[in-house]
Amino acid sequence: MCGNNMSAPLPAIVPAARKATAAVIFLHGLGDTGYGWAEAFAGIRIPHVKYICPHAPTMPVTLNMRMNMPSWFDIYGLNPDAEEDEAGIKRASENIEALIKQEVKNGIPSHRIILGGFSQGGALSLYTALTSQQQLAGVVALSCWLPLRKAFPQASASSANKDMHLLQCHGDADPLVPLIFGTQTTEKMKTLINPSNITFKTYRGLPHSACPEEMVDIKRFIEKQLPPIRDE
């Protein structure tokens, strides 16, 4: 990573099986690392796609009695009206932007990059895509919410991603980020990007985690948005 994030190790990477012509950058949830998600993507890998799973820096998290843990930004509370770490969210978003630019420099155009994440990572991926001037192929947002939602639509006024494709997934038994957060986020997203490009899927009995059915849906979304290039 980059910026102020000197403590985080290099991202976990699942290389493409042949020449990489597309990439998925996926951000883990609070207290996690990128390794588990890299393993999950290795199980659904597509030959021409590179998967990059960065690790969040370690910081004290207010929600968890200021214990140090991997976190993209501070979280003060989980209710819809909780105060948010605006400076931390913006700083984390800049770091993810830098990661996207690095892949562009490596030869993968931004419109061949999908950004995604789970929970806090999904929240950061939505915020970054909506405020980015890099045109992305799409976003995969799992079990998450849109942070700083009251800043929109002004915050996304100059975004390059008003027509991006979004796959949003949520378990209907999520006790940490309840399903209502997901449905309200989808309704908000419909006012910010082309609503016909939004797919919202729910999974019966799924708590705050992923499941095989969801991973199949993610693979199909990636295959559709990042098809192979003819001269590969």
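Above this text you will find the structure in question.
Cut-offs applied
- Residues numbered from 1 in each chain as written.
- Predicted model: local features only at pLDDT ≥ 70, side-chain atom pairs only at ≥ 80, totals over all residues.
- Heavy atoms only, no water.
- Helix = DSSP H or I, 4+ residues; strand = E, 2+ residues; numbered from the N terminus.
- Salt bridge = Lys/Arg side-chain N within 4 Å of Asp/Glu carboxyl O.
- Buried < 20%, exposed > 50% of the residue type's maximum accessible area, 1.4 Å probe, protein only.
- Axes fitted to C-alpha atoms, helices over the stretch in contact; angles between N-to-C directions.
- Parallel < 35°, antiparallel > 145°, perpendicular 65-115°, else oblique.
- Contact = heavy atoms within 4.5 Å.
- Nonpolar A, V, L, I, M, F, W, Y, C, P; charged D, E, K, R; others polar.
- Polar contact = N/O pair within 3.5 Å; in protein donor to acceptor, adjacent residues only side chain to side chain.
- Phe/Tyr/Trp six-rings, centres within 6.5 Å; stacked < 30°, edge-to-face > 60°.
- Pairing = 2+ DSSP bridges.

**Q** Explain unusual backbone geometry to me, please; I cannot follow it from the model alone.
**A** The bulk of non-glycine residues show a negative phi, and the bulk of peptide bonds are trans. A cis amide bond, omega 10 degrees, links phenylalanine 152 with the succeeding residue proline 153. Note that proline 153 resides in the loop between β7 (138–142) and β8 (165–171). For serine 143, which is not glycine, the phi dihedral falls at a positive 50 degrees. Tracing the backbone shows serine 143 in the loop between β7 and β8.

**Q** Got a minute to help me understand the pattern of salt bridges in this structure?
**A** Charged atoms that come close allow side chains of opposite charge to pair. Counted under the stated rule, the structure contains 5 salt bridges. Linking aspartate 74 and arginine 66 is a salt bridge whose minimum nitrogen-to-oxygen distance equals 4.0 Å. Note that lysine 90 and glutamate 86 form a salt bridge whose closest N and O atoms lie 2.8 Å from each other. Of the two residues, lysine 90 and glutamate 86 both sit in helix α2 (residues 86–105), 4 residues apart, roughly one turn of that helix. Using a relative accessible area of 41% as the deciding quantity, one classes glutamate 86 as partly exposed.

**Q** What should I look at first to understand the packing of α2 against helix α3 (residues 120–131) in this one?
**A** A pair of packed helices is captured by two measures, namely the crossing angle of their axes and the spacing between those axes. As a packed pair, α2 and α3 sit with axes 9 Å apart at the nearest point and diverge in direction by 75 degrees. With respect to their mutual orientation, α2 and α3 come out roughly perpendicular. From α2, Ile89, Lys90, Ala92, Ser93, Ile96 and Glu97 reach across to α3, where they touch Leu124, Tyr127, Thr128 and Thr131. Here the contact of α2 with α3 is composed, by residue class, of 5 nonpolar, 3 polar and 2 charged.

**Q** How should I be thinking about the environment of lysine 162 in this particular structure?
**A** Mapped onto the fold, lysine 162 is located in the loop between β7 and β8. Given the relative accessible area of 37%, lysine 162 is considered partly exposed. Considered as a pair, lysine 162 and leucine 176 are 14 residues apart in the sequence and their alpha carbons are 29 Å apart. Residues within four places of lysine 162 in sequence aside, it is in contact with Ser156, Ala157, Leu192, Ile193 and Asn194. Polar contacts involving the side chain of lysine 162 include one to the main-chain carbonyl oxygen of serine 156, which spans 2.9 Å.

**Q** What is the right way to read the packing of aromatic side chains from this model?
**A** Here the distance between the centres and the angle between the planes together describe a pair of aromatic rings. Scanning the model with the defined rule gives 6 aromatic pairs in all. Centroid distance phenylalanine 26 to phenylalanine 41: 5.1 Å. Interplanar angle 65 degrees. Geometry classified as edge-to-face. Taken together, the residues span a long stretch of sequence, with phenylalanine 26 in strand β2 (residues 22–27) and phenylalanine 41 in helix α1 (residues 35–42) at a distance of 15 residues. An identical accessibility class is assigned to phenylalanine 26 and phenylalanine 41; each is buried. Ring plane angle 15 degrees and centroid distance 5.3 Å describe the contact between phenylalanine 41 and tyrosine 51, whose orientation is recorded as stacked. With a gap of 10 residues between them, phenylalanine 41 in helix α1 and tyrosine 51 in strand β3 (residues 49–53) connect regions that are remote in the sequence. Of the residues examined, phenylalanine 41 reaches a relative accessible area of 1% and is grouped as buried.

**Q** What am I meant to see in the sheet that holds β8 here?
**A** For sheets, the rule is that strands pair by backbone hydrogen bonds, running either parallel or antiparallel. Strand order across the open sheet formed by 7 strands is β1-β3-β2-β6-β7-β8-β9, with mixed pairing between neighbours. Edge positions in the sheet fall to β1 (12–14) and β9 (198–203), since each has one partner strand and no second. Pairwise comparison of adjacent strand axes, ignoring direction, gives a mean angle of 15 degrees for this sheet. Relative to β9, β8 runs parallel, the two sharing 6 bridges. Looking at the pairing, glycine 171 lines up with tyrosine 203 of β9.

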